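A look at the structure
The chain contents come next:
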Amino acid sequence: MRLLAENPEFTQRELAESLGISLGATNYCLRALIDRGLVKAENFRKSHRKRAYLYTLTPSGIAEKLRVTRAFLARKQAEYSAIEREIEQLRQELQEEGRP
C-alpha cells in the first residue's frame, strides 16, 4: 500500500518488479484491495498506454495503511525491547563469570 501511495501511476508490471512478485500475484492483490474498497483504479486517460490506470488509496485504504503501519511499529518496538533485555542478561552472565 505504501508503494501505491507513493507511486499511483505505476503499472502492474512496475509494481510487480518493485515488490519482487509475479505479475499475476500483483493483479490478484490489486483486485483484492480494490474489492475491499482500499484502492481505487481509474483510467489514466492522458497516458499513451490505452490500459494505464492510476491506483489511489481510498480514505479507507489510508486508514488501513496507518493501522498496519502502527501494528508493524508496535511489533518491532516489542522485538527491540526483548533483544535489549536479552543483551543485558547476557552481559550480566558474562560479568558473573568474570568476563567483560
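Residues numbered from 1 in each chain as written. Predicted model: local features only at pLDDT ≥ 70, side-chain atom pairs only at ≥ 80, totals over all residues. Heavy atoms only, no water.

Per an unreviewed UniProt entry, the chain carries the name MarR family transcriptional regulator and comes from Thioalkalivibrio paradoxus ARh 1.

1. Concerning the packing of helix H2 (residues 12-19) against helix H3 (residues 23-35)
Relative orientation of the contacting elements H2 and H3 amounts to 110 degrees, with a least axis distance of 9 Å. Comparing the axis directions of H2 and H3 gives the class roughly perpendicular. Side by side, H2 and H3 meet where Gln 12, Arg 13, Leu 15 and Ala 16 of the first sit next to Leu 23, Thr 26, Asn 27 and Leu 30 of the second. Of the residues in the contact of H2 with H3, the class split is four nonpolar, three polar and one charged. (Axes fitted to C-alpha atoms, helices over the stretch in contact; angles between N-to-C directions. Helix = DSSP H or I, 4+ residues; strand = E, 2+ residues; numbered from the N terminus. Parallel < 35°, antiparallel > 145°, perpendicular 65-115°, else oblique. Contact = heavy atoms within 4.5 Å. Nonpolar A, V, L, I, M, F, W, Y, C, P; charged D, E, K, R; others polar.)

2. Remarks on the side chain of Glu 64
The residue Glu 64 is located in helix H4 (residues 59-96) in this model. Sequence-distant contacts of Glu 64, that is, excluding residues within four places in its chain, are made with Met 1, Arg 36 and Leu 38.

3. Regarding the nonpolar core
Counting residues in hydrophobic clusters, the biggest one holds nine residues: Leu 4, Phe 10, Leu 15, Leu 30, Leu 33, Leu 38, Val 39, Tyr 55 and Leu 57. Residues within four places of Leu 4 in sequence aside, it is in contact with Leu 15, Leu 30, Leu 33, Val 39 and Tyr 55. (Core = buried A, V, L, I, M, F, W, Y, C linked by side-chain atoms within 4.5 Å. Buried < 20%, exposed > 50% of the residue type's maximum accessible area, 1.4 Å probe, protein only.)

4. Notes on the pattern of salt bridges
This model, assessed by the stated rule, comprises two salt bridges. For Arg 67, the salt bridge identified is with Glu 64, shortest N-O distance 2.7 Å. A residue pair is termed a helical-turn pair when its members lie 3 or 4 positions apart in one helix, as Arg 67 and Glu 64 do in helix H4 at three residues. Among the residues examined, Glu 64 registers a relative accessible area of 17% and is labelled buried. (Salt bridge = Lys/Arg side-chain N within 4 Å of Asp/Glu carboxyl O.)

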